[in-house]
Amino acid sequence: MSTNSLQSLHHHHHHSFLKRHLLDTPPSSLFLKPTTTTTTTTTNTTTTISLSHTLSTSFTTFSTTSTTPSTSQAISFDLLQNHLSNKNFKQADEETRRLLIVLAGEPAQKRGYVFFSEVQFIPQQDLKTIDELWKQHSNNKFGYSVQKKIYDKADRDFSKFFRKVGWVKKLDTEIEQYNYRAFPTEFIWELNDDTPEGHLPLTNALRGTQLLNSILTHPAFGNMEEEEDKEQVVVEESSSNNGGLKGLRDGSEPLSNRVFIPDYSF
């Protein structure tokens, strides 16, 4: 009877070891090619094959399921266009902010806002598309490129820029003072004659102007100075005689080389 007890204990210990070994086996080993088995197949071997198949199927299903948003998916501007075409400028402003977060990359998406250093990752064409939609549905009164022109004319002085686009309000004090408008109630969400040019879209500057500066100096708007200079040349040519073109005809330095190109490093 003692011998039978020892054999039973040994069989139980051997079966528990196999079961524990199967549960502790790393998932990667489940994808190894099965080895050739002998003709004699025990109950434990059958259990191993069944368990391996179950774990392999379960692991494969898990590895192909991802909840992480892909940044390579095509970006749709339809919602922005819909808001703008219906003159829902507040909703369009919110959608613009969401698009910038998506376009800036995965870290910005997880964080929920854009760092100024991430603006450089926004593709030029996408930023131009957003800008063109704003201009198209506002008679060229709103948009980043509109703000860019105002910013440059203000010598890139944000105090002057904020007053021009109406983001600050004048205080009723003896000394001329301004304060930021309260968001969203004090901003203007209608397009009318009194709405300041460049008032929308908004960019939060309460914690600093680096983000706004990075947007307005983005390479998407990098050739605006050159284009404006060329337009000025055309105007001068049309209002002057042929002698006004002498500087361009006598082999002098090309106009494109003489136009000031700002540094767009981030």
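Up top you'll find the structure we're talking about.
Residues numbered from 1 in each chain as written. Predicted model: local features only at pLDDT ≥ 70, side-chain atom pairs only at ≥ 80, totals over all residues. Heavy atoms only, no water.

Novice: Just to check I follow, could you spell out the layout of surface pockets for this structure?
Specialist: One simple way to see leftover space: roll a probe sized like a water molecule over the atoms. Taken as a whole, the largest pocket spans an internal volume of roughly 780 Å³. As for the largest pocket, its lining consists of 29 residues, of which T203, N204, A205, L206 and L211 are closest to the centre. Breaking the lining of the largest pocket down by element, the ones donating at least two residues are α4 (89-104) and α9 (210-216). In terms of residue count, the dominant contributor to the lining of the largest pocket is α4 (5 residues). (1 Å grid on protein atoms, 1.4 Å probe; cavity = no way out; pocket = protein on both sides within 12 Å on 5 of 7 lines; lining within 4 Å. Points joined across faces, edges and corners; volume = space filled by probe spheres on them. Helix = DSSP H or I, 4+ residues; strand = E, 2+ residues; numbered from the N terminus.)

Novice: What's the story with the pattern of salt bridges in this structure? I'm lost.
Specialist: Two side chains bearing opposite charge may form a pair once their charged atoms approach each other closely. Counted under the stated rule, the structure contains 10 salt bridges. Here D93 ties to R97 by a salt bridge, and the two come within 3.0 Å at their closest N and O atoms. Taken together, the residues D93 and R97, both in helix α4 and 4 residues apart, mark about one turn of the helix. By relative accessible area, which is 1% here, D93 ends up buried. You can call R97 partly exposed: its relative accessible area is 33%. The closest approach of N and O atoms between K135 and E132, which form a salt bridge, is 3.3 Å. Here K135 and its partner E132 are both found in helix α6 (residues 124-136), 3 residues apart, which amounts to about one turn of the helix. (Salt bridge = Lys/Arg side-chain N within 4 Å of Asp/Glu carboxyl O. Buried < 20%, exposed > 50% of the residue type's maximum accessible area, 1.4 Å probe, protein only.)

Novice: Would you mind showing me how to read the packing of α4 against α6 here?
Specialist: The description of two packed helices rests on the angle between their axes and on the distance between the axes. Viewed as axis vectors pointing N to C, α4 and α6 meet at an angle of 175°, and their least axial separation amounts to 11 Å. As far as their axial angle goes, α6 and α4 are roughly antiparallel. Contacts between α4 and α6 involve F89, A92, D93, T96, L99, L100 and L103 from the first element and D126, L127, I130 and W134 from the second. Among the residues making up the contact of α4 with α6, the classes are represented as 8 nonpolar, 1 polar and 2 charged. (Axes fitted to C-alpha atoms, helices over the stretch in contact; angles between N-to-C directions. Parallel < 35°, antiparallel > 145°, perpendicular 65-115°, else oblique. Contact = heavy atoms within 4.5 Å. Nonpolar A, V, L, I, M, F, W, Y, C, P; charged D, E, K, R; others polar.)

Novice: So what exactly am I meant to see when it comes to the packing of helix α3 (residues 78-85) against α6 here?
Specialist: Interaxial distance between α3 and α6 falls to 9 Å at its minimum, and their mutual angle equals 15°. In terms of orientation, α3 lies roughly parallel with respect to α6. Crossing of α3 over α6 shows right-handed handedness. Together, L80, Q81 and L84 of α3 and I130, L133 and W134 of α6 make up the contact between the two elements. Here the contact of α3 with α6 is built from residues that sort into 5 nonpolar, 1 polar and no charged. (Left-handed = near helix turned anticlockwise from the far one by under 90°.)

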